[in-house]
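# Coordinate analysis (summary)
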Amino acid sequence: MAARHRIDERAPVYVISVAAELSGMHPQTLRQYDRIGLVTPRRTRGRGRRYSVVDVARLREIQRLSQEEGINLAGIKRILELQDEVRALNGQLDGVRETLDSLSPAQRRVFSADRDGQISALRRGERPQRRGGGALVLWDPQRRR
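Source: prediction; values computed, not measured.

Another point: the overall build of the protein chain. When helices and strands are counted, the protein chain shows 4 helices and 6 strands. Listing every helix and strand of the protein chain by position from the N terminus yields β-α-α-β-β-α-α-β-β-β. Within the span of the protein chain, comprising 145 residues, buried residues form 23% of the whole. In the protein chain, once contacts between residues fewer than 6 apart in sequence are set aside, the share between residues at least 24 apart is 44%. Accessible surface, the protein chain: about 10800 Å² in total, of which carbon and sulfur atoms supply 48%.

Read across the sheet, 3 strands follow the order β1-β3-β2 without closing on themselves; strand pairing throughout is antiparallel. Since the sheet does not close on itself, it has two edges, and those belong to β1 (14-15) and β2 (42-43), each with one partner. The strands touched by helix α3 (residues 53-67) within the sheet are β1 and β3 (49-51), with β3 carrying the most contacts at an inclination of about 85°.

So, on to a nonpolar patch on the surface. Side chains of Val15, Val18 and Leu22 sit close together on the surface and give an oily, nonpolar patch of about 180 Å² of accessible area. Looking at the element boundaries, Leu22 is found in helix α1 (residues 16-23). Using a relative accessible area of 35% as the deciding quantity, one classes Leu22 as partly exposed.

All right, on to the pattern of salt bridges then. Scanning all chains against the criterion turns up 8 salt bridges. As a salt-bridge pair, Asp84 and Arg87 come within 2.8 Å of each other at their nearest N and O atoms. In this pair, Asp84 and Arg87 both sit in helix α4 (residues 73-102), 3 residues apart, roughly one turn of the helix. Among the residues examined, Arg87 registers a relative accessible area of 49% and is labelled partly exposed. Salt bridges linked by common partners bring Asp34, Arg43 and Arg49 together as one network.

Another aspect to go through is the side chain of Asp34. Checked against the element boundaries, Asp34 lands in helix α2 (residues 27-36). Side chain to side chain, Asp34 and Arg43 meet in a polar contact 2.8 Å long. Beyond its immediate sequence surroundings of up to four residues, Asp34 is in contact with Val39, Thr40, Pro41, Arg43 and Arg49.

Moving on, we get to the layout of surface pockets. There is about 390 Å³ of room inside the largest pocket. In terms of lining residues, the largest pocket is bounded by 18 residues, among which Arg10, Val54, Asp55, Arg58 and Asp84 are the most central. For the lining of the largest pocket, the elements supplying multiple residues, two or more each, are α3 and α4. Here the lining of the largest pocket gets 5 residues from one element, more than from any other, and that element is α3. A per-class count over the lining of the largest pocket returns 7 nonpolar, 4 polar and 7 charged.

Reading guide: rules and limits
Residues numbered from 1 in each chain as written. Predicted model: local features only at pLDDT ≥ 70, side-chain atom pairs only at ≥ 80, totals over all residues. Heavy atoms only, no water. Helix = DSSP H or I, 4+ residues; strand = E, 2+ residues; numbered from the N terminus. Buried < 20%, exposed > 50% of the residue type's maximum accessible area, 1.4 Å probe, protein only. Contact = heavy atoms within 4.5 Å. Areas by Shrake-Rupley, 256 points an atom, 1.4 Å probe, with all protein chains shown as cover. Pairing = 2+ DSSP bridges. Axes fitted to C-alpha atoms, helices over the stretch in contact; angles between N-to-C directions. Patch = residues over 30% accessible without salt bridge, like charges linked within 9 Å, V, L, I, M, F, W, Y side chains within 5 Å. Salt bridge = Lys/Arg side-chain N within 4 Å of Asp/Glu carboxyl O. Polar contact = N/O pair within 3.5 Å; in protein donor to acceptor, adjacent residues only side chain to side chain. 1 Å grid on protein atoms, 1.4 Å probe; cavity = no way out; pocket = protein on both sides within 12 Å on 5 of 7 lines; lining within 4 Å. Points joined across faces, edges and corners; volume = space filled by probe spheres on them. Nonpolar A, V, L, I, M, F, W, Y, C, P; charged D, E, K, R; others polar.

Okay, structure coming up:
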């Protein structure tokens, strides 16, 4: 039985000419996108750009938004920033769900979050700790009934 290999889609493996070919763009376009922050490839010690599979997919999305949707580069940059933010928030939400799933029913009643976004489960009657200057009660399912 062959061993399964997992490919790291974030590994910086493509030089600029290969990334340009895979994305259907000119290498100079990739350099411009790097300068304005649409795509940020990793750098080698010699400062050469290395692109990942994720970077190439992002380049293709930029091209699609530009050519098919007619969106300018400033609009594309904002769209990509918002998509990245949504992905990060979904990751945080998944973490909260995992925490919730690991808690006993008595611990599931109230959650608090500090200014840094750290979420803590609280027991009934327990007050949030004032880490970082304050806390906010996010959810208490008992109050909904």
